[in-house]
Amino acid sequence: PKVTWILKDGRKITADVKTGHNLMEAAVANNVPNVIGECGGCLSCATCHVYVDEAWYDKAGKPDDMERDMLEITAAERLPLSRLSCQIQATDALDGIILHVPEI
Ligand code: FES
């Protein structure tokens, strides 16, 4: 599936992501600034924080309790569309998904 990250300055980065890869790994592999993934995706750092585009938020699924706890400590402001991108897997249903990258 195709994933697009939109940076604060309007710059877009689009990549083809392998099904099953998580969107933090995909961001790191494509040098998306500000998506760091310090903990490697084990839900203990919150440095993979993104805002899922409104049109895609429901399709991306809901954060579970552990993710919700970690969303309390994001560097950028937590908003209703906040997710930790290591918890979103690339699937065909998410082909075209847009993620907005926070300024940190
Ligand atoms: Fe650490 Fe997502 S990479 S919580």
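Residues numbered from 1 in each chain as written. Predicted model: local features only at pLDDT ≥ 70, side-chain atom pairs only at ≥ 80, totals over all residues. Heavy atoms only, no water.

Asks: Lay out the pattern of salt bridges with the relevant residues and their values.
Replies: Overall, the coordinates contain 6 salt bridges when judged by the stated rule. A salt bridge links Lys 2 to Asp 16; its shortest N-O distance comes to 3.5 Å. Taken together, the residues Lys 2 in strand 1 (residues 2-6) and Asp 16 in strand 2 (residues 12-16) connect sequence positions 14 residues apart. With relative accessibility at 41%, the residue Lys 2 sits in the partly exposed group. Overall, Asp 16 belongs to the exposed group, its relative accessible area being 60%. Put simply, Lys 62 and Asp 58 hold a salt bridge, and the shortest N to O gap is 3.3 Å. (Salt bridge = Lys/Arg side-chain N within 4 Å of Asp/Glu carboxyl O. Helix = DSSP H or I, 4+ residues; strand = E, 2+ residues; numbered from the N terminus. Buried < 20%, exposed > 50% of the residue type's maximum accessible area, 1.4 Å probe, protein only.)

Asks: Let's hear about the nonpolar core: which residues, and what values?
Replies: One finds Trp 5, Leu 23, Val 32, Val 35, Val 52, Ile 97 and Leu 99 to be the most contacted residues of the largest nonpolar core, which totals 30 residues. Looking at this core, the element that brings in the most residues is helix 1 (residues 23-29), giving 4 residues. Discounting chain neighbours no more than four positions away, the residues touching Leu 99 are Val 3, Thr 4, Trp 5, Ile 6, Leu 23, Val 50, Tyr 51 and Val 52. (Core = buried A, V, L, I, M, F, W, Y, C linked by side-chain atoms within 4.5 Å. Contact = heavy atoms within 4.5 Å.)

Asks: Describe the sheet that holds strand 3 (residues 49-52), with residues and values.
Replies: Spatially, 2-1-5-3-4 is the arrangement adopted by the 5 strands of the open sheet, whose pairing is mixed. Taken across any chain shown, the strands that pair with only one partner, and hence form the sheet edges, are strand 2 and strand 4 (82-84). With strand direction ignored, the average angle separating the axes of adjacent strands in the sheet is 35°. With 2 bridges joining them, strand 3 and strand 5 (residues 97-100) adopt antiparallel strand pairing. Within strand 5, the residue paired with Val 52 across the bridge is Leu 99. (Pairing = 2+ DSSP bridges. Axes fitted to C-alpha atoms, helices over the stretch in contact; angles between N-to-C directions.)

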